[in-house]
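Notes for the structure review
Residues per chain are reported as follows:
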Amino acid sequence: DAMVIQNPRYQVTQFGKPVTLSCSQTLNHNVMYWYQQKSSQAPKLLFHYYDKDFNNEADTPDNFQSRRPNTSFCFLDIRSPGLGDAAMYLCATSNPGTSGFTYEQYFGPGTRLTVT
Amino acid sequence: SQELEQSPQSLIVQEGKNLTINCTSSKTLYGLYWYKQKYGEGLIFLMMLQKGGEEKSHEKITAKLDEKKQQSSLHITASQPSHAGIYLCGATQGAQKLVFGQGTRLTINP
């Protein structure tokens, strides 16, 4: 089945130690997103790629970076995790098609990050 | 920027009862999405509404977008334990982006 896969599902890192979260998709979608979701809060968009074009949200801290080496993979790098970065990180994809409008986004299961 | 407010924030209902969750937008909705999230997991797409007055159903879940396109409701008929989870509404904000409400936590008591 076509899907969005996130690895690992649970990640523990130390304060200040760089960490990378991985997302892959078999849907061949143009757009890939990274969201941060803290407990009992709405998912907050960090950035997204439309093909190779990177779009950063204005309030995303510089500590968060992303890479998309090809259509299938997208990575979230946290350069120096702080305690406040502990959260669920959700990857999503969509395929706006020729119209460019947002169609439904397909989410992975998420990676829960703990910072010790 | 657009803001979505969901009500109620949490809901506990007896199995078999009907329930409604509301999503109100600060701006006109050009695309309204309903998702369901189980604890500790990703979001599952339920339905998308675009036109004023539009209504869609899937199994026992019905979603409506009002004529003025600033409010949507999600109605569950004869609730079951499988309906338990967090329901989030999302709205199109610019191209390729969604903004989400804070979610409604639904608990179904047997």
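Residues numbered from 1 in each chain as written. Chains lettered and ligands numbered in written order. Predicted model: local features only at pLDDT ≥ 70, side-chain atom pairs only at ≥ 80, totals over all residues. Heavy atoms only, no water.

**Looking at the sheet that holds strand β1 (residues 4-7) of chain A**
All names here are of chain A. Read across the sheet, 4 strands follow the order β1-β3-β8-β7 without closing on themselves; strand pairing throughout is antiparallel. Whereas interior strands pair on both sides, the edge strands pair on one side only; in this sheet they are β1 and β7 (64-67). Strand after strand, the sheet turns through a mean of 20 degrees between neighbouring axes, direction not considered. Pairing geometry for β1 and strand β3 (residues 19-25), over 4 bridges, is antiparallel. In the sheet register, Ile5 faces β3, and the bridge partner there is Ser24. (Pairing = 2+ DSSP bridges. Helix = DSSP H or I, 4+ residues; strand = E, 2+ residues; numbered from the N terminus. Axes fitted to C-alpha atoms, helices over the stretch in contact; angles between N-to-C directions.)

**Notes on the nonpolar core**
One finds B:Leu4, B:Leu19, B:Leu32, B:Trp34, B:Leu74 and B:Leu106 to be the most contacted residues of the largest nonpolar core, which totals 22 residues. Going through the elements one at a time, β2 (10-14), β3 (19-25), β4 (32-37), β5 (43-49), β7 (61-65), β8 (71-76), β9 (85-92) and β11 (104-109) of chain B are the ones with two or more residues in this core. Excluding its chain neighbours within four sequence positions, the residues that come into contact with B:Leu19 are B:Leu11, B:Val13, B:Leu74, B:His75, B:Ile76, B:Ser79, B:Leu106 and B:Ile108. By size, the runner-up hydrophobic cluster in this structure holds 18 residues, among which are A:Leu21, A:Cys23, A:Trp34 and A:Leu113. (Core = buried A, V, L, I, M, F, W, Y, C linked by side-chain atoms within 4.5 Å. Buried < 20%, exposed > 50% of the residue type's maximum accessible area, 1.4 Å probe, protein only. Contact = heavy atoms within 4.5 Å.)

**With respect to the interface of chain A and chain B**
Many analyses report the size of an interface as the accessible area lost when the parts associate. Between chain A and chain B, the contact holds 25 residues from the first and 19 residues from the second. Contact between chain A and chain B buries roughly 1,700 Å² in total, counting both sides, with carbon and sulfur atoms accounting for 55%. Counting across the chain A and chain B interface gives 1 salt bridge. Residues A:Glu57 and B:Lys97 are paired through a salt bridge, measuring 3.0 Å at the closest nitrogen-oxygen approach. The interface formed by chain A and chain B holds 4 residue pairs in polar contact (both at pLDDT 80 or more) in total. (Buried area = accessible area lost by both parts, 1.4 Å probe. Salt bridge = Lys/Arg side-chain N within 4 Å of Asp/Glu carboxyl O. Polar contact = N/O pair within 3.5 Å; in protein donor to acceptor, adjacent residues only side chain to side chain.)

**Some remarks on the pairing of β9(B)**
Residue and element names in this part refer to chain B. With respect to burial, β9 is a largely interior element, 8 of its 8 residues being buried. Relative to β9, β4 runs antiparallel, the two sharing 6 bridges. By the bridge assignment for β9, Leu32 is matched with Ala91. In this sheet, β11 lies alongside β9 in antiparallel orientation, the contact comprising 3 bridges. Across the sheet, Gly85 pairs through a bridge with Leu106, a residue of β11.

**Details of the state of the cysteines**
Scanning the model with the defined rule gives 2 disulfides over all chains in all. A disulfide bridge connects A:Cys23 with A:Cys91, and the sulfur atoms are separated by 1.9 Å. With the S-S dihedral at roughly -70 degrees, the linkage between A:Cys23 and A:Cys91 falls on the left-handed side. Of the two residues, A:Cys23 is situated in strand β3 and A:Cys91 in strand β9 (residues 87-94); the sequence distance between them amounts to 68 residues. Taking relative accessible area as the criterion, A:Cys23 reaches 0% and is therefore assigned buried. The exposure class of A:Cys91 is buried, given its relative accessible area of 0%. B:Cys23 shares a disulfide with B:Cys89; S-S distance 2.1 Å. Around the S-S axis, the bridge from B:Cys23 to B:Cys89 shows a dihedral of about 75 degrees and counts as right-handed. Within this pair, whereas B:Cys23 is found in strand β3, its partner B:Cys89 is found in strand β9, the two being separated by 66 residues in sequence. For the residue pair B:Cys23 and B:Cys89, the accessibility class agrees, reading buried in each case. (Disulfide = S-S within 2.5 Å.)

**Quick notes on the packing of aromatic side chains**
Two descriptors summarise a pair of aromatic rings, namely the distance from one centre to the other and the angle between the planes of the rings. In this structure the tally under the stated criterion is 12 aromatic pairs over all chains. Here the aromatic rings of A:Phe47 and A:Phe54 are separated by 5.4 Å at their centres, their planes lie at 50 degrees, and the arrangement is tilted. A:Phe47 sits in the buried class, given a relative accessible area of 1%. For A:Phe54, a relative accessible area of 39% gives the class partly exposed. Arranged with centres 5.8 Å apart and planes meeting at 65 degrees, the rings of B:Tyr35 and B:Phe100 form a pair that is edge-to-face. In this pair, B:Tyr35 is assigned in strand β4 and B:Phe100 in strand β10 (residues 98-100), connecting sequence segments 65 residues apart. Taking relative accessible area as the criterion, B:Tyr35 reaches 0% and is therefore assigned buried. (Phe/Tyr/Trp six-rings, centres within 6.5 Å; stacked < 30°, edge-to-face > 60°.)

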